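Working through the structure, step by step
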Amino acid sequence: MKGHIHGLLAGGLYIICNYIITNIPCWHIRKTLYRLLGMKVGKGSRIMMKTIVTHPWKIKIGDNATINEYCYLDGRGGLSIGNNVNIAL
């Protein structure tokens, strides 16, 4: 039963991240919402629209990093992105 509830919560977070937050046009709001979900996002960093995110609480992004559109951030095993990094598709 516990695994079933965990799966439902993970599925709900996937929908929130990848169908709602990713389509918000203002990057300040997206960044704030990702932080509320546990993602650590450094000062001056931006996550552009249409970025797919799984397990945001296991993702850490350094300062002045840019994640461009249509990138996939998979935090299942933990993900750390350094300072001054640009990632594009």
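Scroll up to find the structure this text is about.
Read on for an overview of the structure. Keep in mind that what you see is a predicted model, and the values were worked out from it rather than measured. (Residues numbered from 1 in each chain as written. Predicted model: local features only at pLDDT ≥ 70, side-chain atom pairs only at ≥ 80, totals over all residues. Heavy atoms only, no water.)

1. Remarks on the side chain of Thr-54
Among the secondary structure elements, Thr-54 is positioned in strand β3 (residues 52–54). The buried category is assigned to Thr-54, whose relative accessible area is 8%. Once you skip the residues sitting within four places of it in the chain, Thr-54 turns out to touch Tyr-14, Ile-59, Tyr-72, Leu-73, Asp-74, Gly-75 and Arg-76. (Helix = DSSP H or I, 4+ residues; strand = E, 2+ residues; numbered from the N terminus. Buried < 20%, exposed > 50% of the residue type's maximum accessible area, 1.4 Å probe, protein only. Contact = heavy atoms within 4.5 Å.)

2. Section: the state of the cysteines
In this structure the tally under the stated criterion is zero disulfides. Residue Cys-26 stays outside any disulfide, its sulfur separated by 17 Å from that of Cys-17, the closest cysteine. Between Cys-71, a cysteine without a disulfide, and Cys-17, which holds the nearest cysteine sulfur, the sulfur-to-sulfur distance is 15 Å. (Disulfide = S-S within 2.5 Å.)

3. Side note on the sheet that holds strand β8 (residues 86–87)
The strand order β2-β5-β8 describes an open sheet built from three strands, whose pairing is parallel. Edge positions in the sheet fall to β2 (46–47) and β8, since each of these pairs with one other strand and no more. For strand β5 (residues 66–67) and β8, the ladder comprises two bridges, and the chain directions are parallel. Residue pairing in the sheet places Thr-66 in a bridge with Asn-86 of β8. (Pairing = 2+ DSSP bridges.)

4. Quick word on the environment of Ile-15
If you trace the backbone, Ile-15 turns up in helix α1 (residues 2–20). On a C-alpha basis, the gap between Ile-15 and Thr-54 in space is 9.7 Å, while along the polypeptide they are 39 residues apart.

5. As for unusual backbone geometry
Look at Lys-50: it is not a glycine, yet its phi comes out positive at around 70°. For Lys-50, the position within the fold is in the loop between β2 and β3. One non-glycine residue, Tyr-70, lies in positive phi territory at about 65°. By the secondary structure assignment, Tyr-70 is in the loop between β5 and β6 (72–74).

6. Quick look at the sheet that holds strand β7 (residues 79–81)
If you trace the three strands from one edge of the open sheet to the other, you get β1-β4-β7, paired in parallel fashion. The open sheet is flanked by β1 (40–41) and β7, the only strands paired with a single partner. Pairing of strand β4 (residues 59–61) with β7 involves three bridges; the strand directions are parallel. By the bridge assignment, Ile-59 is partnered in β7 with Leu-79.

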